[in-house]
Each structure stands twice: as C-alpha cells, then as structure tokens.
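# Fold and contact review
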Amino acid sequence: SGHYGRGSTEEEIQFALDEIRNENDKLEKETAILTKYLKRVDPKDIQTQIKEASPVQQDVVRVHKRRSRSRTGSTERLLKLTTEQKCDIAQREHDELREEINKFKHETEKILDTYRATREEAEIRLAEMKKSSYEFNRDIVLGAKNMRTGRVVAERVTRYFEDKMRSRKALIEKLRLKNSTLKVQKKKLQLQLKQKEEMGEVLHEVDFKQLRIENNQYLEKIDERNQELLKLKHSSGNTLQVLNTYKKKLNNLTMESNRLKLEISQRNELLTKIDKETELVEKKKEKSTDCDSALIPLL
C-alpha cells in the first residue's frame, strides 16, 4: 500500500484495500488453525516434543514460546512460518478434523441403531398386542359365549389369562437365562482384554478400525435378520388370520352339513313312512279288487 500516494486513483486505492483485506482474512485463518493446533499440545510435553518431534514441529513450538514471551516485552519480534510448516500444520489439522468427523459419524450411527432397534421393538410389540387382541376377541368375546344364555363362560376367561401368565413367565425365564449367559460372556471378554493389556498385547488403532468395520457388518446382518424376522411375524399373523377365517367357514359349513344330514334323515324317514302307507294302500286295493271280482258273478 506504500506505493499508492496522493496521485493514486480511487480504483487503485480500493484495489489495495481489497488486497489488504484478503491478506488479513488469510492471516486470520492461518492464526486460527495454528491456535487450534497449539491448544492440542500438552505444555508438560513441550520439551519432549521438541526433542522427539520433526523440525517442523520444533519450529512451531519455538514460535509459540517466543510469542508467549514477547507479550511482556517492550518489542515484539515478527516470526513467520514457512510454506512447508504451514502445509504440515494444515495437514495435521485436516487429519484431526477428519478423525472428529468419523468419530461423530460413528456416534451418530450408534444413536440411529438405537432408534432403529427401539422402533422395531415397538412394531413387534404392536403386532403382538394386535395378535393378543384378536385372540381374545376370538377365544373369549366370541368363542366363550354360552349359546343358551349369551354370557361369557367365566372358566374359559380364567383359563385364558392363566395360559397367558404361564407363557409370560416362560418368556421371562428364557430372557433371564439369556441375560445371565451374556453377563458371563461379558466377564469372560473383560478378563481376556485385561490379560492382553497386562501382557502388552493391546490392539492397535488399525485393529480397532478393522473390528469396528466387522462390527458394523455384523450389525447390518443382524438388522437384515431382524427385518426378515419381522416380515415373517407379519406373514405369520396374516396366515393366522386367513386360517381363522377358513376355520370359521369350515365351522359354518360343518353346521350346514349337519343340518342337511338331519333334514335328509327326516325326509328318509318320511319316505319310508310313505312307502309303508303306499304298500298298505296297495294291499287294501288288491283286497278290494278281489272282493269285487267275487261279487260280479253273483250279480
């Protein structure tokens, strides 16, 4: 900007101001990246980092220390990073940001998996409630009525709820045993992990990433199996409804068949009675004919 004097045009001054603003913006961004990088450096490990770090990291730490000392001094020495140092810091911050994004993505996937499991559990429970309601209406509201009085038989209601309680208790016991088995497996895995840590066989980051990938694959397979199981349950519910419909039709047809059999039996009895009466009339007719034949010569 020192090249622009009183004779400079307004466009030139504006151009110079834009350049200064752009340079300031770039410096602010570089400063923000450097500050974020230095915040991740543990002050207790600065000396160790200077000894063990690369030349670029050593220069960055020296810059940080010199700037800290310059705040109390009367003069401030202008320290600048080379392009290579800036690229190295930017790359490190880029890797750190990518790691944070991956971590956030992994946590988000876990939350989504939890929500999916909750939704699937709610759908399964809703299907079970619909099935229980249908069975209650079929077996109790409609099936347990006394045909003569029109009232629900109390014994069948009691037996229905006792059967439900027994099935619930059996399910609770099954889940309790499964939970105990999982707890034993968890303790076993924790003990194995502790033994590996004591023996210095801690898994590296690459191993954890590989295990995370495999775990995600298994979770996807489990999700697919759960979806298939849910579809099978829905299909089973639909099949049960169709079966119950056909059972009702069969019951109606059986009742109609019994009615027709009774009617056929009654008509057969009537036909037998008519045949006997017809035979009796025929005998009387023959007897009457014989009498008429005997009387004609006398006349």
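Reading the values: rules and limits
Here the residue numbers are simple positions, counted from 1 along each chain's written sequence. Only residues with pLDDT of at least 70 are given local features in this predicted model, and only at 80 or more are side-chain atom pairs given and counted; all residues enter the totals for whole chains, interfaces and linings. In computing side-chain properties, one takes all heavy atoms of the structure into account and sets aside hydrogens as well as water. Pairing of aromatic side chains requires ring centres within 6.5 Å, counting the rings of Phe and Tyr and the six-membered ring of Trp. Pairs whose planes differ by under 30 degrees are stacked, by over 60 edge-to-face, and all others tilted. Under the DSSP-based scheme used, a helix requires at least four consecutive residues in state H or I and a strand at least two consecutive residues in state E, with every element numbered from the N terminus. Here the term buried applies to any residue with accessible area under 20% of the maximum for its type, exposed to any over 50%, and partly exposed to those in between, with areas from a 1.4 Å probe on protein chains only. Helix span, as expected, comes to 1.5 Å for every residue beyond the first. A score from 0 to 100, pLDDT tells how confident the predictor is in each residue. In this analysis, two residues are considered to be in contact whenever any of their non-hydrogen atoms come within 4.5 Å of each other. We define a salt bridge as a side-chain nitrogen of Lys or Arg found within 4 Å of a carboxyl oxygen belonging to Asp or Glu. Working convention for charge: Lys and Arg count positive, Asp and Glu count negative, and His plus the chain ends are omitted. Within this analysis, patches are made of residues with over 30% relative accessible area and no salt bridge. Like charges are joined at 9 Å or less; nonpolar side chains (Val, Leu, Ile, Met, Phe, Trp, Tyr) at 5 Å or less. Each accessible area is a Shrake-Rupley estimate made with a 1.4 Å probe; only the visible protein chains count as cover when residues are assessed. Definition used in this section: a nonpolar core is a set of buried Ala, Val, Leu, Ile, Met, Phe, Trp, Tyr and Cys residues joined via side-chain atoms within 4.5 Å. Angles here are taken between N-to-C directions and fall from 0 to 180 degrees, while the axes themselves are lines fitted to C-alpha atoms, restricted in helices to the stretch in contact. What sets the label is the angle itself: under 35 degrees gives roughly parallel, over 145 gives roughly antiparallel, 65 to 115 gives roughly perpendicular, and the rest give oblique. In this scheme, a crossing is called left-handed if the near helix is turned counterclockwise away from the far one by less than a right angle; it is called right-handed if the turn is clockwise. In this count, Pro and Cys sit with the nonpolar residues alongside Ala, Val, Leu, Ile, Met, Phe, Trp and Tyr, while Asp, Glu, Lys and Arg are called charged and the others, Gly among them, polar. Every charge is mapped to an atom, namely NZ of Lys, CZ of Arg, CG of Asp or CD of Glu.

Taken as a whole and judged by the stated rule, the model has one aromatic pair. When the ring of Phe136 is compared with that of Phe161, the centres are 6.0 Å apart and the planes differ by 50 degrees; the resulting orientation is tilted. With Phe136 in helix H4 (residues 83-142) and Phe161 in helix H5 (residues 154-198), this pair connects stretches of sequence that are 25 residues apart. For Phe136, a relative accessible area of 27% corresponds to the partly exposed category.

With that settled, consider helix H1 (residues 10-39). When the terminal C-alpha atoms of H1 are compared, their 43 Å separation across 30 residues agrees well with the 44 Å that a helix rising 1.5 Å per residue should span. Among the residues of H1, Ala16, Leu34, Tyr37 and Leu38 are the ones counted as buried.

Per-residue pLDDT for the protein chain averages 78, and the proportion of residues at 70 or more is 79%. Helix H2 (residues 46-52) is the least confidently modelled element of the protein chain, averaging 47 in pLDDT, while H4 averages 86, the highest of any element. In this model, residues 70-78 is a region of pLDDT below 50 whose contacts with residues beyond four sequence positions or in other chains number two contacts.

Scanning all chains against the criterion turns up 15 salt bridges. As a salt-bridge pair, Lys164 and Glu135 come within 3.3 Å of each other at their nearest N and O atoms. With Lys164 in helix H5 and Glu135 in helix H4, this residue pair connects regions lying 29 residues apart in the sequence. Judged by relative accessible area, Lys164 falls into the partly exposed class, the value being 26%.

Bringing the side chain of Glu120 into the picture now. Secondary-structure assignment places Glu120 in helix H4. One buried charge, Glu120, has no salt-bridge partner; the nearest side chain with opposite charge is Arg119, at 4.7 Å. Apart from residues lying up to four places away in sequence, Glu120 is in contact with Asp223, Asn226 and Gln227.

On the surface, Ile13, Leu17 and Ile20 cluster together to form a nonpolar patch covering roughly 220 Å² of accessible area. Locating Ile13 in the fold gives a position in helix H1. Given a relative accessible area of 39%, Ile13 falls into the partly exposed group.

What follows is about the nonpolar core. Generally speaking, a soluble globular protein has its nonpolar side chains buried in company with each other. Of all hydrophobic cores here, the largest spans five residues; its members are Leu34, Tyr37, Leu38, Leu81 and Ile89. The element best represented in this core is H1, accounting for three residues.

The next subject is the packing of H4 against H5. Think of two packed helices as two axes; the pair is described by the angle between the axes and how far apart they sit. Where H4 contacts H5, the two axes come as close as 11 Å, and the packing angle between them is 150 degrees. Viewed along their axes, H4 and H5 adopt a mutual orientation that is roughly antiparallel. Seen from above, H4 lies across H5 with right-handed handedness. Along the contact surface, H4 presents Ser132, Glu135, Phe136, Asp139 and Ile140, while H5 presents Arg156, Val157, Tyr160, Phe161 and Lys164. A per-class count over the contact of H4 with H5 returns five nonpolar, one polar and four charged.

With that settled, the discussion passes to the packing of H1 against H4. One can describe the packing of H1 onto H4 by two numbers: an axis separation of 10 Å at closest approach and a directional angle of 65 degrees. As summarised for this structure, H1 and H4 are arranged roughly perpendicular, according to the angle between their axes. Judged by the twist between their axes, the crossing of H1 over H4 is left-handed. Facing Glu30, Ile33, Leu34, Lys36 and Tyr37 of H1, the residues of H4 in contact are Lys86, Ile89, Ala90, Arg92, Glu93 and Glu100. Taken together, the residues that form the contact of H1 with H4 break down as five nonpolar, no polar and six charged.

Moving on, we get to a negative patch on the surface. A cluster of acidic residues, Glu282, Glu286, Asp290 and Asp292, forms a negative patch at the surface. Residue position: Asp290 is located in helix H6 (residues 205-295).

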